[in-house]
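Examination of the molecular architecture
Listed below, chain by chain, are the residues.
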Amino acid sequence: MQAVILVGGKGTRLRPITYHIPKALVPLRNEPFMSYMVKFLRSGGLDGAVLSMGYLPDPIQAYFAKRKDLDDFKIDYAVEDHPLGTAGGIKNAEKYLKGDPLVVVNGDVLSGLDLKEAIRTHQESGAFATITLTSVEDPTAYGLVEVDHEMLVHRFIEKPAYDEITTNLINAGVYVLEPGVLDMIPKGREVSIEREIFPRLQEQGKLRAYVSSAYWRDIGTPRSYLAASHDALSGAVGADENFEYLSVDDSTEVGKNVKILPPVSVAAGCRIGHRATIGGRSSLGYGCRIGEGAVVEGSILLDGAEVEAGAVVRGSIIGPGARVGQRAIVRGLSVLGAECVIGEGNILDQGIRVNPGVVLSPRSLSF
Ligand code: GDD
Ligand code: MG
């Protein structure tokens, strides 16, 4: 069985990080997100995927080209020259599909769902389309789904208003579709599966649901990306047996009296000065520099980020090559774009900073 992975979105809610890194490749525990996705699809017994791409396709293709362990998992690429939407993106992948039932996944969903079981349920119910559901506290950022006791979908409302909320069950972004669903998608124009195709399938009584209480998160906002990073570091999701929660290799220079409080992931080539503290489920990408006495807690530092002496970074995302100056403080879910600088002694609380001058080739990052 094949999958279509939708990775063509611009990742606007994760800007400025996604100006340079497509959402599909943002790292969790220093592993690009697509690595988790492939593990997830393989866990469902799938043998290949078509990547439905549009925005920043090159780094994603470069990442897969470098992976040499995918002989039994065939990857194809369908690239849009303008955005075709979530259903248009599936239609555009059709030329690589074999005409069998398929799995479709949103390329930003981190899920512990039992995919095999979801596929089996789809097959046993004889459904035309099965969407997987999860529950969230606030469904307004998702597709709200009402089901009856037989798991037939009665209503699908994408991004419901507060007064439309009737359930906390939402579309988890993983579907099992019969090939006939592709015939319902018009070709060559933008089509949303959530706004056009699902409501039509629901009206025809052909849309069924599979509810899961397994781990689930959409990584598409700074808050949820940080939360997913925490969860991957703690082993709540995506852990494999060989993972060491404290991974500091020989190419990392660690100064004296440094406190690294696991689970922490430190990629190769980092330099950590004396008396620095790194903890609270943080990850440091390739070649990061942490100055003397600096503190990094509950944060993600992307490749080449620098936290100078005495600076503090808490619960924030520091973009590739960005720099937090001496004794500066960055906290409260702040996000620094590539090569941004927070000057000496400054404080950034709940802020987003972009360095407009930066044109960084995504290829220069180490995926
Ligand atoms: N190929 C292609 N073309 N892919 C696209 C396009 C496009 O034009 N637009 C978006 N995508 C991809 C994104 O890259 C992402 O992986 C996926 O489709 C979903 O888009 P998001 O922009 O992340 O949607 P969302 O998070 O607001 O909502 C969707 O996901 C929720 C679950 O996470 C919907 O499917 C909701 O119903 C759902 O609850
Ligand atoms: Mg999303």
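If you're wondering where the values come from, they're calculated on a predicted model, not measured in any experiment.

Calculation notes
Residues numbered from 1 in each chain as written. Chains lettered and ligands numbered in written order. Predicted model: local features only at pLDDT ≥ 70, side-chain atom pairs only at ≥ 80, totals over all residues. Heavy atoms only, no water. Helix = DSSP H or I, 4+ residues; strand = E, 2+ residues; numbered from the N terminus. Rg over C-alpha atoms; globule rule 2.2 N^0.38 Å. Buried < 20%, exposed > 50% of the residue type's maximum accessible area, 1.4 Å probe, protein only. Domains from an automatic or database assignment. Contact = heavy atoms within 4.5 Å. Buried area = accessible area lost by both parts, 1.4 Å probe. Salt bridge = Lys/Arg side-chain N within 4 Å of Asp/Glu carboxyl O. Pairing = 2+ DSSP bridges. Phe/Tyr/Trp six-rings, centres within 6.5 Å; stacked < 30°, edge-to-face > 60°. Near = heavy atom within 4 Å. Polar contact = N/O pair within 3.5 Å; in protein donor to acceptor, adjacent residues only side chain to side chain. 1 Å grid on protein atoms, 1.4 Å probe; cavity = no way out; pocket = protein on both sides within 12 Å on 5 of 7 lines; lining within 4 Å. Sits in = over half its atoms within 2 Å of the grid points. Donors = N, O, S within 2.8 Å, 3.2 Å for Na, K, Ca; no water. Patch = residues over 30% accessible without salt bridge, like charges linked within 9 Å, V, L, I, M, F, W, Y side chains within 5 Å. Areas by Shrake-Rupley, 256 points an atom, 1.4 Å probe, with all protein chains shown as cover. Points joined across faces, edges and corners; volume = space filled by probe spheres on them. Nonpolar A, V, L, I, M, F, W, Y, C, P; charged D, E, K, R; others polar.

1. A closer look at the overall build of the protein
In terms of regular secondary structure, the protein is built from seven helices and 32 strands. By the compact-globule yardstick of 21 Å for 367 residues, the protein fits well, its C-alpha radius of gyration being 21 Å. Overall size of the protein, expressed as C-alpha extent along the three principal axes, is 65 × 45 × 40 Å. Of all 367 residues assigned to the protein, the portion counted as buried reaches 54%.

2. With respect to the domain arrangement of the protein
Domain annotation of the protein identifies domain 1 (2-224) and domain 2 (243-360). Centre-to-centre separation of domain 1 and domain 2, based on C-alpha positions: 32 Å. Taken together, the contact pairs eleven residues of domain 1 with 22 residues of domain 2. Both faces considered, domain 1 and domain 2 share a buried interface measuring about 1,300 Å² in area, 73% of it formed by carbon and sulfur atoms. It is His20, Arg29 and Asn30 in domain 1 that bury the most area against domain 2; as a group they hold 44% of the surface buried on that side. On the surface where domain 1 and domain 2 come into contact, there are zero salt bridges.

3. Side note on the sheet that holds strand 27 (residues 323-324)
Taken together, the six strands give an open sheet; going across it, the order is 15-18-21-24-27-30, and neighbouring strands pair in parallel fashion. Both outer strands of the open sheet, strand 15 (253-254) and strand 30 (341-342), are each paired with one neighbouring strand and no more. As paired elements, strand 27 and strand 30 share two bridges and run parallel to each other. Bridge pairing in strand 30 links Val324 to Ile342.

4. Points about the packing of aromatic side chains
Applying the stated rule across the entire model yields five aromatic pairs. Plain terms: the ring middles of Phe156 and Phe198 are 5.1 Å apart, the flat faces sit at 50° to each other, and that makes the pair tilted. Placement of the pair is Phe156 in strand 10 (residues 153-158) and Phe198 in helix 6 (residues 193-203), with a sequence separation of 42 residues. The exposure classification of Phe156 matches that of Phe198, with both residues buried. With a centroid separation of 4.9 Å and 85° between ring planes, the pair formed by Tyr175 and Phe198 is classed as edge-to-face.

5. Some words on the site of ligand 1
In the vicinity of ligand 1, 26 residues are found, and the nearest of them are Glu80, Glu158, Asn171, Glu194 and Asp218. Between an oxygen atom of ligand 1 and a main-chain N or O atom of Leu6, the distance comes to 2.7 Å. Arg13 is positioned with one of its side-chain polar atoms (N or O) 3.1 Å from an oxygen atom of ligand 1. In this structure, ligand 1 is accommodated by the largest pocket. Only helix 3 (85-91), strand 11 (169-177) and strand 13 (216-218) provide two or more residues apiece to the shell around ligand 1.

6. Things to note about the coordination of the magnesium ion (ligand 2)
The coordination sphere of the magnesium ion (ligand 2) contains the protein donors Asp108 (OD) and Asp218 (OD), at a distance range of 2.1 to 2.3 Å. Here Asp218 lies in strand 13 and Asp108 lies in the loop between strand 6 (102-106) and strand 7 (109-111), a separation of 110 residues in the sequence. There is no split in this pair, since Asp108 and Asp218 are both buried.

7. Looking at the sheet that holds strand 16 (residues 259-260)
One open sheet accounts for six strands, arranged 16-19-22-25-28-31; its pairing is parallel. Looking at which strands have only one partner, the edges of the open sheet turn out to be strand 16 and strand 31 (347-349).

8. Observations regarding the pairing of strand 11
Burial analysis of strand 11 places nine of its nine residues in the buried class, the great majority of the element. Where strand 6 lies against strand 11, four bridges are found, and the strand directions are antiparallel. If you follow Leu102 over to strand 11, its bridge partner there is Leu177. For strand 8 (residues 129-135) and strand 11, the ladder comprises six bridges, and the chain directions are antiparallel. The residue of strand 11 that forms the bridge with Ser135 is Leu169.

9. What about a nonpolar patch on the surface?
A contiguous nonpolar patch, built from Tyr19, Ile352 and Val354 and spanning about 270 Å² of accessible area, is present on the exposed surface. Among the secondary structure elements, Ile352 is positioned in strand 32 (residues 352-353).

10. Focus: the layout of surface pockets
Each pocket or cavity is described by its volume, and for the largest pocket that value is around 1,300 Å³. Together, 49 residues line the largest pocket, and Arg13, Lys23, Thr86, Asp108 and Lys159 are the ones closest to its centre. Residue assignment for the lining of the largest pocket shows that the elements contributing at least two residues are helix 3, strand 11, helix 6, strand 13 and helix 7 (222-234). Its residues assigned to classes, the lining of the largest pocket shows 14 nonpolar, 19 polar and 16 charged.

11. Some thoughts on the environment of Lys91
Residue position: Lys91 is located in helix 3. Under the relative-accessibility criterion, Lys91 is labelled buried at 12%. Considered as a pair, Lys91 and Arg189 are 98 residues apart in the sequence and their alpha carbons are 9.9 Å apart. One polar contact links the side chain of Lys91 to the main-chain carbonyl oxygen of Leu182, over a distance of 2.9 Å.

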